[in-house]
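Here is what each chain is made of, one letter per residue.
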Amino acid sequence: MRIPLDYYRILGLPLAASDEQLRQAYSDRIVQLPRREYSQAAISSRKQLIEEAYVVLSDPKQRSTYDHLYLAHAYDPDNLAAAAVALENPPESTKRGSDTQSLGIEITQDELVGALLILQELGEYELVLKLGRPYLVNKNNATSARKGNNLAEEEIDKSAEYPDVVLTVALACLELGREQWQQGHYENAAISLETGQELLVREGLFASVQAEIQADLYKLRPYRILELLALPQEKTAERSQGLELLQNLLEDRGGIDGTNNDDSGLNIDDFLRFIQQLRNHLTVAEQHKLFEAQSKRPSAVATYLAVYALIARGFAQRQPALIRQARQMLMRLAKRQDVHLEQSLCALLLGQTEEATRVLELSQEYEALAFIREKSQDSPDLLPGLCLYAEQWLQHEVFPHFRDLANQQAFLKDYFANQQVQAYLEALPTDAETTNEWTVINPQNFPQPQTNNSPFPKNSTKTPTQFNHSRTPDLNLPDTPEYSNFSPPTWNSSESVKSEVPAAERTSRGTNEHLNGSAKSATPAPNQKRRRRKPTSSPIRERLPDNRLHSRRPRRRRTFANTIEGKTRLVWRVFISLVSILVFWVLATTAFGWLKNLFFPTRPAPVSQLFLQINQPPISIPPPNSPPQGLDGPLTNTAAEEIIRTWLSTKAEALGPNHEIDNLEQILTGSALSQWQLIAQQASSDNRYRKYEHSVKVESVEKIDLFADRAAVVATVKEATQLYENGQFKNSSNENLRVRYDLIRQRGKWRIQSTSVVNQIIR
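Residues numbered from 1 in each chain as written. Predicted model: local features only at pLDDT ≥ 70, side-chain atom pairs only at ≥ 80, totals over all residues. Heavy atoms only, no water.

**Topic: the overall build of the protein chain**
Within the protein chain one finds 27 helices and eight strands. Buried residues in the protein chain amount to 44% of all 763 residues. In the protein chain, 66% of the contacts between residues at least 6 apart in sequence involve partners at least 24 apart. Put simply, the protein chain shows about 40900 Å² of open surface, and 52% of that area lies on carbon and sulfur atoms. (Helix = DSSP H or I, 4+ residues; strand = E, 2+ residues; numbered from the N terminus. Buried < 20%, exposed > 50% of the residue type's maximum accessible area, 1.4 Å probe, protein only. Contact = heavy atoms within 4.5 Å. Areas by Shrake-Rupley, 256 points an atom, 1.4 Å probe, with all protein chains shown as cover.)

What follows is the structure, encoded as structure tokens:
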């Protein structure tokens, strides 16, 4: 068998190597041994080839002849000169015949494993597979034929070098897979690794190498999932394989926020970032199916992601039943999280505007509430701002996380004009049934709400759900403001149901128009009267008394308070009573003060003089390294530069010799805080520290849409670093970077929420 190897490659030398380099290379190659799994015969075969190469090249005459062959093969495609040289000056010491057609060496079958070992050490993994696989196939076919002829077991034993060839081929698959992994070809890497593993499992050899390959396959699994799911949607088979791998990964972890070891090397925060990155490659239907199944573990993160998927799919596909299901799932999160804003948006999309407005008032999302109130200044309620916020929320916060909805436009007018949506909203449950959906939640246990009219009974659960954390941990899943823990009050309101106002009138509105709020019962009394507001820019909205029952309606209609005249007189009586009480209180307090001054005059207080000292300032001056004070106005370039300088000095202290990690909380928040705390703690445990020199120049300050308390700053940062390990200087670096800082104002103080390098400036 001929192997495409030359003596210079065997020793790892160039053609012009000196005698000293030749001796050193030979010594190094002999001392270096392969893995301990190889047999002594394989090691001897490798050593024999190395010695043969050294014998030929160490002899000046044989080396001269071999060099002529080498150069003739390199520069003469037809190999005519090589043939002439080979016939005139054949090598004397070598046992191998020189091939005039190709530069290689002739080996016996026993020496194959040694040649494959050398090729693998040279990184020729594909060539090892090309030469080793036919050998294994031929051996297996011969063994099968002998077994068919009923030969004795000792006669059909495979050759002694067979396990070594199997090991070499498997290791070539392993190294080729790792090489493809580094190149970013994750699925090809997995195929190479699985090929090597299948070979070892089939032969039942080298369990330690099998475990090594399996460990790489586990670590490779997240990369494969991202690569497969990022393929076009037409690649259904490959994307289905990616979803199957994702399901297996979640099963091994015990869910999205599970703590089981899946051997991927990802901790909880890394895995949540992986899920966040993965969402951009999944369709809304795939996310709905995935996260709804994971939410039943139970999982707070999966439940919240399922809510987003349900809302997005329900709005985009005009299926309000999915939005109603999302609202029911939000009730499972309401124990420890403030999800009133999401509940308000769900109620709005279900046409229940009174419920949406009331739930919105309970939210602690102050930025969103400020935006909604600002856009509703000319309206008697918050509906115009809520409608505008809902459209922008869907457009910018929800749809971008679904690959099939990234370019979807969100218009409430088109949504409510859909006939399917109108039919479903008109068939919603009665007030009493709706109230039960919002109020009968157990204050300690949180089972999935069950309603007779729910179109998704399978989502109900009989086991209580407890959560040990609030919302998604610091990774913006989805990208919405963080919510604080909030225990929701008991609901005592009614949900809107079927309305008398025509559907076209209820759904025709502009950006600042209102939606129809409450609605009438499914079986109204024939002569029931309604109180209506005066016409405004919004359509007519009716209000009915809360928690009314069918059996009480005739009786309540005959009472005094149910007539317009009676209500008007009642309002006037209350108003006059309040005015009378106010006048009486003013007169009483005035008379009391006059009598007190008359009988008990007070002495004038002594006038204190202003006391100043020259060595003390009249106001406190902050220390030089104190963080910048909070600003109520917009972020300026000067303030942004001061914030970034404060961050860089805090970073230098946290990663410096004293590792002052606690100072990071003064300037960082969110994911940036947890990330840099982990880096500083790791540096402290490894006994490493750094010394920095920084210079900063702010290029731009950009205000984030919708929220006045968020900003993005792009700055040029020059950073000189000196690394010390165990008190000894290791290395240094100088970088010139353009960095983006995402800032958020919390309690009147700007903090850095996340950082990202835009690009490196090379000069």
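**Observations concerning the pattern of salt bridges**
Within the structure shown, the criterion is met by 27 salt bridges. The closest approach of N and O atoms between Arg63 and Asp67, which form a salt bridge, is 3.9 Å. Taken as a pair, Arg63 and Asp67 lie in helix α4 (residues 60–75) at a separation of four residues, close to a single helical turn. Among the salt bridges present, the one from Asp262 reaches Arg253, with a minimum N-O distance of 3.3 Å. Both residues of the pair, Asp262 and Arg253, belong to the buried class. The network of salt bridges with common partners includes Arg35, Glu37, Glu175, Arg178, Glu212 and Asp216. (Salt bridge = Lys/Arg side-chain N within 4 Å of Asp/Glu carboxyl O.)

**A few points about the side chain of Arg332**
Secondary-structure assignment places Arg332 in helix α15 (residues 320–333). Here Arg332 sits buried without a salt bridge, and the closest side chain of opposite charge, Glu292, lies 7.8 Å off (N-O distance). At 3.0 Å, the side chain of Arg332 and the backbone oxygen of Ser295 are in polar contact. (Lys, Arg positive; Asp, Glu negative; His and termini not counted. Polar contact = N/O pair within 3.5 Å; in protein donor to acceptor, adjacent residues only side chain to side chain.)

**Description of the packing of α15 against helix α16 (residues 340–349)**
Working note: a packed helix pair is described by the angle between its axes plus the distance between those axes. Contact geometry for α15 and α16: axes closest at 9 Å, N-to-C directions at 155°. Here α15 lies roughly antiparallel to α16, going by the angle between them. For the element pair α15 and α16, the recorded crossing hand is left-handed. Across the interface between the two elements, Ile323, Ala326, Arg327, Leu330 and Met331 from α15 touch Glu342, Gln343, Cys346 and Leu349 from α16. Here the contact of α15 with α16 is composed, by residue class, of six nonpolar, one polar and two charged. (Axes fitted to C-alpha atoms, helices over the stretch in contact; angles between N-to-C directions. Parallel < 35°, antiparallel > 145°, perpendicular 65-115°, else oblique. Left-handed = near helix turned anticlockwise from the far one by under 90°. Nonpolar A, V, L, I, M, F, W, Y, C, P; charged D, E, K, R; others polar.)

**Remarks on unusual backbone geometry**
Of note, the bond from Arg297 into Pro298 is cis; its omega dihedral lies within 30 degrees of zero at 5°. Tracing the backbone through its elements, the reader meets Pro298 in the loop between α13 (284–294) and α14 (300–316). In this structure, Phe206 is a non-glycine residue whose phi angle is positive, near 55°.

**Things to note about the environment of Ala720**
Turning to its location among the elements, Ala720 is positioned in strand β6 (residues 710–725). Along the chain, Ala720 and Glu735 lie 15 residues apart, while their C-alpha atoms are 6.5 Å from each other. Among all residues touching Ala720, those that are not within four sequence positions of it are Lys691, Tyr692, Glu693, Ser733 and Asn734.

**Some details on a nonpolar patch on the surface**
Residues Trp572, Phe575, Ile576, Val579, Val583 and Leu587 make up a contiguous nonpolar surface patch of about 620 Å² in total accessible area. Among the secondary structure elements, Trp572 is positioned in helix α25 (residues 564–599). Owing to a relative accessible area of 52%, Trp572 belongs among the exposed residues under this scheme. (Patch = residues over 30% accessible without salt bridge, like charges linked within 9 Å, V, L, I, M, F, W, Y side chains within 5 Å.)

**Focus: the packing of aromatic side chains**
Applying the stated rule across the entire model yields 18 aromatic pairs. Where Phe315 meets Tyr415, the ring centres are 4.9 Å apart and the plane angle is 15°; that geometry is what we call stacked. One end of the pair, Phe315, is in helix α14; the other, Tyr415, is in helix α20 (residues 412–417), with 100 residues separating them in the sequence. Classification of Phe315 as buried rests on a relative accessible area of 1%. A ring pair is formed by Phe371 and Tyr389, whose centres lie 6.0 Å apart and whose planes are at 55°; its orientation type is tilted. Linking Phe371 in helix α18 (residues 366–375) with Tyr389 in helix α19 (residues 383–398), this pair joins segments that are 18 residues apart in sequence. Taken as a pair, Phe371 and Tyr389 share a single burial class, namely buried. (Phe/Tyr/Trp six-rings, centres within 6.5 Å; stacked < 30°, edge-to-face > 60°.)

**Notes on the nonpolar core**
Core analysis: the biggest nonpolar cluster contains 74 residues, and Ile256, Phe274 and Leu278 have the highest contact counts within it. Sorting elements by how many residues they give to this core places α14 first, with 13 residues. Ranked by size, the runner-up nonpolar core spans 57 residues in total, among them Leu13, Tyr66, Leu167 and Phe206. (Core = buried A, V, L, I, M, F, W, Y, C linked by side-chain atoms within 4.5 Å.)

**Topic: the pairing of strand β7 (residues 728–746)**
Where β6 and β7 come together, 16 bridges link them in antiparallel fashion. Its bridge partner being in β7, Lys718 is matched across the sheet by Asn736. By the bridge criterion, ten bridges tie β7 to strand β8 (residues 749–760) in an arrangement that is antiparallel. Residue Leu737 lies in a different strand from β8, and its bridge partner there is Gln760. Between β7 and β8, which follow one another and run antiparallel, lie two residues, and Arg747 among them has a positive phi close to 50°. (Pairing = 2+ DSSP bridges.)

**Focus: the sheet that holds β8**
Pairing in this open sheet of four strands is antiparallel, and the strands run β5-β6-β7-β8 from one edge to the other. In this open sheet, the two edge strands, each paired with only one partner strand, are β5 (688–703) and β8. Adjacent strand axes in the sheet meet at a mean angle of 30° when their direction is disregarded. Of the strand pairs in this sheet, β5 and β6 are connected by 15 bridges, and their pairing is antiparallel. Paired with Glu702 across the strands is Ala712, a residue of β6. Running at roughly 165° to β5, helix α26 (residues 637–654) makes contact with β5, β6, β7 and β8 of the sheet. Lying over the sheet, helix α27 (residues 670–685) contacts β5 and β8, oriented at roughly 75° with respect to β8.

**Topic: helix α10 (residues 207–229)**
Between its first and last C-alpha, α10 extends 32 Å over 23 residues, near the 33 Å set by a 1.5 Å rise per residue. At Leu220, α10 shows its largest bend, some 40°, and a proline, Pro222, comes one to four positions later. (Expected span 1.5 Å × (residues − 1). Bend = angle between axes of the 7 residues up to and from the residue.)

**Notes on the packing of α15 against helix α21 (residues 419–426)**
Packing of α15 against α21 leaves a shortest axis separation of 9 Å and a crossing angle of 50°. It follows that α15 is oblique to α21 by the angle criterion. Residues Pro320, Ala321 and Arg324 of α15 lie in contact with α21, whose contacting residues are Val421, Tyr424 and Leu425.

**Some thoughts on the confidence of the model for the protein chain**
In the predicted model, the protein chain carries a mean pLDDT of 75, and the fraction of residues at 70 or more is 71%. Long-range and interchain partners of residues 435–563, a stretch whose pLDDT sits below 50, account for 305 contacts in this model, where long-range means more than four residues apart. (pLDDT = per-residue confidence, 0-100.)

**Considerations on the side chain of Arg751**
Take Arg751: it is sitting in strand β8. Buried charge without a partner: Arg751 forms no salt bridge, and the closest opposite charge is Glu665, 7.9 Å away. Engagement of the side chain of Arg751 in a polar contact is seen with the backbone oxygen of Glu665, the distance being 3.4 Å. Once you skip the residues sitting within four places of it in the chain, Arg751 turns out to touch Glu665, Gln666, Ile667, Leu668, Thr669, Asp742, Leu743, Ile744 and Gln746.

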